[in-house]
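Fold and geometry: a report
Each chain, written out:
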Amino acid sequence: MKRASRYAAWTFERDPEARPEYSAECVAVEVKGCGEMIRSGGPEWIEEWMRRHTQTTGHTSYRRAVDDYVTLEPFVTRPEV
Ligand SMILES: [Zn+2]
């Protein structure tokens, strides 16, 4: 049975040219709108920043995110035998 090709077939590849971006934002509920955040190239920086922010403010809730970059490559199918 042949698949209907309504959607093109693509694979997702991590973009080797772009490094993932790490970020963290203080979302402490005890102070509305603290909103302090950091963006960095590495997870160690983020963790260190959260440690320091907690030590100086007492805030202990954060939103942490990793943005990575992908490219779509055509998915090449082998012909069925
Ligand atoms: Zn804070």
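This write-up is about the structure you can find in this document. (Residues numbered from 1 in each chain as written. Predicted model: local features only at pLDDT ≥ 70, side-chain atom pairs only at ≥ 80, totals over all residues.)

On to the pairing of strand β1 (residues 10–14). When a strand is regular, its side chains alternate between the sheet's two faces. The buried fraction of β1 amounts to zero of the five residues, a small share that puts the element mostly on the outside. For β1 and strand β5 (residues 70–74), the ladder comprises five bridges, and the chain directions are antiparallel. Considered in β5, the bridge of Arg14 is made with Val70. (Buried ≥ 20, exposed ≤ 12 C-beta atoms within 10 Å, placed from the backbone. Helix = DSSP H or I, 4+ residues; strand = E, 2+ residues; numbered from the N terminus. Pairing = 2+ DSSP bridges.)

The end-to-end C-alpha distance of helix α1 (residues 43–57) is 21 Å, a good match for the 21 Å that 15 residues give at a rise of 1.5 Å each. Looking at the packing, one finds that the buried side of α1 touches β2 (21–26), β3 (37–40) and β4 (62–67). Remark: Gly58 follows α1 within two positions and exhibits a positive phi of approximately 85°. (Expected span 1.5 Å × (residues − 1). Contact = placed C-beta atoms within 7 Å.)

Spatially, the three strands line up as an open sheet ordered β3-β2-β4, and their pairing is antiparallel. Each of the sheet's edge strands pairs with one partner strand only, and the pair in question is β3 and β4. Ignoring which end each strand starts from, the neighbouring axes of this sheet average 10° apart. By the bridge criterion, six bridges tie β2 to β4 in an arrangement that is antiparallel. Directly across from Glu21, in β4, lies its bridge partner Asp67. Running at roughly 15° to β2, α1 makes contact with β2, β3 and β4 of the sheet. (Axes fitted to C-alpha atoms, helices over the stretch in contact; angles between N-to-C directions.)

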